[in-house]
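So the chains spell out like this:
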Amino acid sequence: MGAGPVLLVLLAASVVLPARDPLLNICMDAKHHKAKPGPEGKLHDQCSPWKDNACCTANTSSEAHKDQSNLYNFNWNHCGVMPPKCKRHFIQDTCLYECSPNLGPWIDQTDSSWRRERILHVPLCKEDCEEWWEDCRDSVTCKENWHKGWNWATGTNRCPWGSVCRPFSEVFPRPKDLCEKIWSNSYKYTTERRGSGRCIQMWFDPARGNPNVVVAKYYAWKKRSSPDVAPERDHAVCALQWSVLVLLPLALVLVPEVARGCGSHGWGSL
């Protein structure tokens, strides 16, 4: 039997093997992200839940906890000192963004100078969003969208000229406003609850496993099942799978012939 038919059989066999999903267990193409997720034994404090499989390094996790870190020169205290009960949510938000390998279904292309990809409309669990808002409602800020519009003249973010520092509860009247507007719709407010398998958790107990793994799988499946055009990440995989399916009928015809050929070499007696 020639090499060609054998190759066809191998290609056909690959159809039944689970292909690597390009939306799962991946890292964004961004400033501080690793190329691929992997174990990080010493992630700092609130980033530690991701230590078994992370897109961030130990240094990134440490910087995420500083009032003005070297990650983006961003200052949480732009309208006075941010209370610790509020700041912990922003630290957790940073840890999720930098460390999570489970945000693939929501990765979107961007033309920013410091990243080529971002997250968009990540469905955040109801409790995570509402607790964030509740703990920050008395904190003070001068901007609704923290992604842009700052005064960077000093090298760190300062309130733009003419802006006024106001309580979060005025700038963000509802939890939905905070979660969706503060990072240009990176998050989407949902009524789904923790443990539902339908929303991403910023907060979770790693001793019980990472609940966002199953959430990412669900939305990856949902995205593949939608009529929309698949993202660029999927093109190569889809093309390969389609070519294999086209060759499958011919390969199945050749399987008995290959088996007889194998027997003629004496393998049938092993």
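Residues numbered from 1 in each chain as written. Predicted model: local features only at pLDDT ≥ 70, side-chain atom pairs only at ≥ 80, totals over all residues. Heavy atoms only, no water.

Under an unreviewed UniProt entry, the name given to the protein is FOLR1 protein, and the organism recorded is Sclerurus mexicanus. In its Sequence similarities (unreviewed entry) section, the UniProt entry covering the protein states "Belongs to the folate receptor family." (UniProt positions renumbered as here; feature names shortened; annotations may be inferred.)

A. How the structure looks around the environment of Asp177. With respect to the element layout, Asp177 can be found in helix 6 (residues 175-181). Taking the C-alpha atoms as reference, Asp177 lies 9.1 Å from Trp133; in sequence the two are 44 residues apart. Contact partners of Asp177, with chain neighbours within four places excluded, come to Phe172 and Ile182. (Helix = DSSP H or I, 4+ residues; strand = E, 2+ residues; numbered from the N terminus. Contact = heavy atoms within 4.5 Å.)

B. Structural view of the packing of helix 3 (residues 84-99) against helix 4 (residues 126-136). Following both chains from N to C, one finds helix 3 and helix 4 inclined at 145°, their axes separated by 7 Å at the closest point. Where helix 3 crosses over helix 4, the two elements pack in a sense that is left-handed. Contact residues: helix 3 offers Lys85, Cys86, Arg88, His89, Phe90 and Asp93, while helix 4 offers Glu131, Trp132, Asp135 and Cys136. Among the residues making up the contact of helix 3 with helix 4, the classes are represented as four nonpolar, one polar and five charged. (Axes fitted to C-alpha atoms, helices over the stretch in contact; angles between N-to-C directions. Left-handed = near helix turned anticlockwise from the far one by under 90°. Nonpolar A, V, L, I, M, F, W, Y, C, P; charged D, E, K, R; others polar.)

C. The arrangement of helix 4 in detail. With respect to burial, helix 4 is a largely interior element, eight of its 11 residues being buried. All buried positions along helix 4 are accounted for by Lys126, Glu127, Asp128, Cys129, Trp132, Trp133, Asp135 and Cys136. (Buried < 20%, exposed > 50% of the residue type's maximum accessible area, 1.4 Å probe, protein only.)

D. Highlighting unusual backbone geometry. Phi at Asn25 is positive, roughly 55°, even though this residue is not glycine. In this structure Asn25 comes out as partly exposed when scored by relative accessible area, which is 39%. One non-glycine residue, Asp45, lies in the positive phi region at around 40°. Note on placement: Asp45 falls in the loop between helix 1 (3-13) and helix 2 (58-63).

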